[in-house]
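Residue strings, one per chain:
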Amino acid sequence: QEYYDFFHYEANYSIMDEWFWDLCTNYLHKDDVEKLDMFRDIDLYKRVKNHDYVFTTHVRVKRDENYVWTKLVFVFIPTDNKKGVERIFILIQDYSSAMAERMTNLMYARIDALTQTWNKRYSEELITNRIKNNGNGLFCLLDVDDFKAINDSFGHITSDQLLKKISHIVCESITNDDVFGRIGGDEFILYLKGDYNECLNRFNSIMIKLKFNYYENGRQLKISCSAGLAKIQGRRASFNELYESADAALYEAKRQEKGNYRISLASLIEEDDE
């Protein structure tokens with residue numbers, strides 16, 4: 001009865017193998033099947049030989065038309081000669097609320113609270129992984145022009161609204177292969193994946209969108225961003241190298257006209273050398 005209350009289907013099995021394969025075939029989420037690939041004789045033998053008698057995993061199990069997170073704990077009781085398994089005890093527990101809390105905490109550790117974009121630490125992690133996988137493209141640092149003056153004149157609420165709007169504009173202009181996050185304050189980091197020229201065209205389109213007028217209490221603010229870029233194509237560069245190159249380019253851009261960008265000469269020279 002407890003099994004039926006949990007899974008909403010009968011548990012009419014004569015041996016454990018019947019239950020296990022029915023679970024994997026008809027009720028287990030396809031992405032979690034591999035987690036339970038442990039009941040082959042050779043795997044059980046190794047587990048007993050290594051005195052590894054307890055196995056815990058979390059899987060999604062179908063309940064009616066939905067999947068619920070379930071905690072499974074398997075306890076293997078070996079035979080007297082320690083060459084096989086005499087019986088297995090299985091603890092089944094609804095883990096939905098715990099998993100939801102866990103995923104929420106994980107997202108909070110990755111998300112910038114104000115803009116709901118990736119934070120600095122997780123942006124660096126994602127971009128580093130993209131680069132390792134031959135992620136050709138464009139590394140960009142963005143900075144809001146005259147942000148301190150805006151903050152001093154209009155206050156934090158207006159500044160926060162502008163940062164949210166800028167984040168929304170960029171997020172709507174990128175793909176799942178790209179990475180966008182907030183470094184802190186009015187600084188953002190952006191990685192565009194793909195052919196350099198294609199990425200540069202996409203970036204130009206984003207920069208055009210980041211020039212807009214903001215109105216508050218009859219006053220108009222002309223908003224724009226400056227940027228520094230580093231090219232990633234046909235070369236292996238670390239995150240720190242790209243950051244330093246883009247940061248130097250951003251410094252040069254901010255000395256020029258507002259709403260402008262500069263491409264790191266160092267990244268272009270290194271590409272030509274190769």
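Look up a bit, the structure's there.
Residues numbered from 1 in each chain as written. Predicted model: local features only at pLDDT ≥ 70, side-chain atom pairs only at ≥ 80, totals over all residues. Heavy atoms only, no water.

Engineer: Lay out the sheet that holds strand 2 (residues 66–78) in plain terms, naming residues and giving numbers.
Structural biologist: The three strands lie next to each other as 1-2-3, forming an open sheet whose pairing is antiparallel. With one partner strand each, in any of the chains shown, strand 1 (54–63) and strand 3 (85–94) form the two edges of the open sheet. Strand after strand, the sheet turns through a mean of 30° between neighbouring axes, direction not considered. Across the sheet, helix 2 (residues 16–27) touches strand 1, strand 2 and strand 3, and the angle it forms with strand 1 is around 50°. Running over the sheet, helix 4 (residues 96–108) touches strand 1, strand 2 and strand 3 and is turned about 110° from strand 2. (Pairing = 2+ DSSP bridges. Helix = DSSP H or I, 4+ residues; strand = E, 2+ residues; numbered from the N terminus. Axes fitted to C-alpha atoms, helices over the stretch in contact; angles between N-to-C directions. Contact = heavy atoms within 4.5 Å.)

Engineer: I'd like to hear about the state of the cysteines, residue by residue, with values.
Structural biologist: By the definition in use, this model includes zero disulfides. The structure places no disulfide on Cys-140, whose sulfur is separated from the nearest cysteine sulfur, that of Cys-199, by 8.2 Å. By relative accessible area, Cys-140 is classed as buried at 0%. On the accessibility criterion, Cys-199 (0% relative accessible area) is buried. (Disulfide = S-S within 2.5 Å. Buried < 20%, exposed > 50% of the residue type's maximum accessible area, 1.4 Å probe, protein only.)

Engineer: Describe the packing of helix 6 (residues 147–154) against helix 7 (residues 156–171), naming the residues involved and giving the relevant values.
Structural biologist: To describe two helices that pack against each other, one gives the angle between their axes and the distance between the axes. The geometry of helix 6 relative to helix 7 is characterised by a closest axis approach of 7 Å and an angle of 135° between their N-to-C directions. The orientation of helix 6 with respect to helix 7, classified from their angle, is oblique. Between helix 6 and helix 7, the residues in contact are Phe-147, Ile-150, Asn-151 and Phe-154 and His-156, Thr-158, Ser-159, Leu-162 and Leu-163, respectively. When grouped by side-chain class, the residues that make up the contact of helix 6 with helix 7 number five nonpolar, four polar and no charged. (Parallel < 35°, antiparallel > 145°, perpendicular 65-115°, else oblique. Nonpolar A, V, L, I, M, F, W, Y, C, P; charged D, E, K, R; others polar.)

Engineer: Describe the pattern of salt bridges, listing the residues and the values that go with them.
Structural biologist: Side chains that carry opposite charge are capable of pairing whenever their charged atoms lie near each other. Going through the model one piece at a time under the given rule, you end up with 12 salt bridges. Among the ionic pairs, Glu-252 bridges to Arg-255, the shortest N-O distance being 3.3 Å. Here the residue Glu-252 and the residue Arg-255 both occupy positions in helix 9 (residues 239–255), the gap between them amounting to three residues, near one helical turn. For Arg-255, a relative accessible area of 55% puts it in the exposed group. Put simply, Asp-32, Lys-35 and Arg-60 are held in one network by salt bridges that share partners. (Salt bridge = Lys/Arg side-chain N within 4 Å of Asp/Glu carboxyl O.)

Engineer: Account for unusual backbone geometry, naming residues and giving values.
Structural biologist: In this structure, His-51 takes a positive phi of about 55° despite not being glycine. Here His-51 lies in the loop between helix 3 (41–49) and strand 1. Owing to a relative accessible area of 55%, His-51 belongs among the exposed residues under this scheme. Positive phi is not limited to glycine here, since Asp-64 has a value of about 60°.

Engineer: Account for the packing of aromatic side chains, naming residues and giving values.
Structural biologist: Scanning the entire structure with this criterion turns up 13 aromatic pairs. Measuring from centroid to centroid gives 4.9 Å for Phe-20 and Trp-21, while their planes differ by 70°, and the two rings are edge-to-face. Look at Phe-139 and Phe-239: their rings are 5.5 Å apart centre to centre, the planes differ by 75°, and that puts the pair in the edge-to-face class. With Phe-139 in strand 4 (residues 137–144) and Phe-239 in helix 9, this pair connects stretches of sequence that are 100 residues apart. According to the relative accessible area criterion, Phe-139 is buried, its value standing at 0%. Classification of Phe-239 as buried rests on a relative accessible area of 10%. (Phe/Tyr/Trp six-rings, centres within 6.5 Å; stacked < 30°, edge-to-face > 60°.)

Engineer: I'd like to hear about the pairing of strand 9 (residues 225–232), residue by residue, with values.
Structural biologist: Residues in a regular strand project their side chains so that they alternate between the two faces of the sheet. Burial analysis of strand 9 places eight of its eight residues in the buried class, which makes it a mostly covered element. Burial along strand 9 is two-sided: the residues Cys-225, Ala-227, Leu-229 and Lys-231 and Ser-226, Gly-228, Ala-230 and Ile-232 are all buried. Across eight bridges, strand 4 lies against strand 9 in antiparallel orientation. Considered in strand 9, the bridge of Cys-140 is made with Leu-229. As paired elements, strand 9 and strand 10 (residues 261–263) share three bridges and run parallel to each other. Along strand 10, the bridge assignment pairs Leu-229 with Ile-263.

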